[in-house]
Amino acid sequence: MACSPCSAAGGFYCQSSSTAAAGVICPEGFQCSGGSNDKQPCAAGSFSAAGATYCSPCPAGTFADSTESTTCTPCPVGTYSPHIGAAECTKCQSGTYSASTGALSESSCIQCPAGKTAPAGSDSEQDCSIVGCDGVPNSDKTFDVCGVCDGDGITSTKCNCNGDELDECGVCLNVPM
């Protein structure tokens, strides 16, 4: 008995164990070009429904982080994706935040006002940890500029400490006047 060539249309594939020359419907998360003897998984950043000839790229503002995806997920709060076909979303930078899901661009990340901060990927602003110019938290010699020093949440902007200069991590350096 001679083998029959696969005559499956797009969206179908021919299984080696099947005797149906017309093929089997392509499952979700896969693509099946016409006449194929195998199904191909959708790559990360793309998806498909059952019977797909090709995988579709995820729209901007969404992502698919694994292969064989059947849907794309909106970017979570604190992130955005301006590109189609994203396998992950980009976090809003430190000092900005976004409470929106499915954000399309970095412009959706809102700059924190003075006295507030946000770690990268935040969905809201937070009060700064105020460190006094003398290096003591909440002292009467404080400043309200936010920053992060090595991820510890301490203010990281220089200020004048009665003639001493505050270093970038909130400790006064004895600087001669």
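The structure presented is a predicted model; accordingly, all values stated were derived computationally and were not measured.

**Student:** I'm lost on the overall build of the protein in this one. Help?
**Tutor:** Looking only at helices and strands, the protein features zero helices and 17 strands. Relative to its 177 residues, the protein shows a buried fraction of 30%. Considering only contacts in the protein between residues 6 or more positions apart, those separated by 24 or more positions represent 31%. Summed over its atoms, the accessible surface of the protein is roughly 10,000 Å², and 52% of this surface lies on carbon and sulfur atoms.

**Student:** What's the story with the state of the cysteines in this structure? I'm lost.
**Tutor:** Counting across every chain of the model gives five disulfides. Each sulfur of the disulfide joining C26 and C32 lies 2.1 Å from the other. Across the S-S bond of C26 and C32 the torsion is about 75 degrees, and the bridge reads as right-handed. Here C42 pairs with C55 through a disulfide, and the sulfurs are 2.0 Å apart. For the disulfide bridge between C42 and C55, the dihedral angle about the S-S bond is near -90 degrees, and by the sign convention the bridge is left-handed. Within this pair, whereas C42 is found in the loop between β4 (40-41) and β5 (46-47), its partner C55 is found in the loop between β5 and β6 (56-57), the two being separated by 13 residues in sequence. We note that C42, like C55, is buried.

**Student:** Just to check I follow, could you spell out the environment of V24 for this structure?
**Tutor:** Mapped onto the elements, V24 comes out in strand β2 (residues 24-25). By relative accessible area, V24 is classed as partly exposed at 27%. When the C-alpha positions of V24 and F12 are compared, they lie 5.2 Å apart, and in sequence the two are twelve residues distant. Residue contacts for V24: discarding those within four places in its chain leaves G11, F12, Y13 and Q15.

Rules used throughout
Residues numbered from 1 in each chain as written. Predicted model: local features only at pLDDT ≥ 70, side-chain atom pairs only at ≥ 80, totals over all residues. Heavy atoms only, no water. Helix = DSSP H or I, 4+ residues; strand = E, 2+ residues; numbered from the N terminus. Buried < 20%, exposed > 50% of the residue type's maximum accessible area, 1.4 Å probe, protein only. Contact = heavy atoms within 4.5 Å. Areas by Shrake-Rupley, 256 points an atom, 1.4 Å probe, with all protein chains shown as cover. Disulfide = S-S within 2.5 Å.

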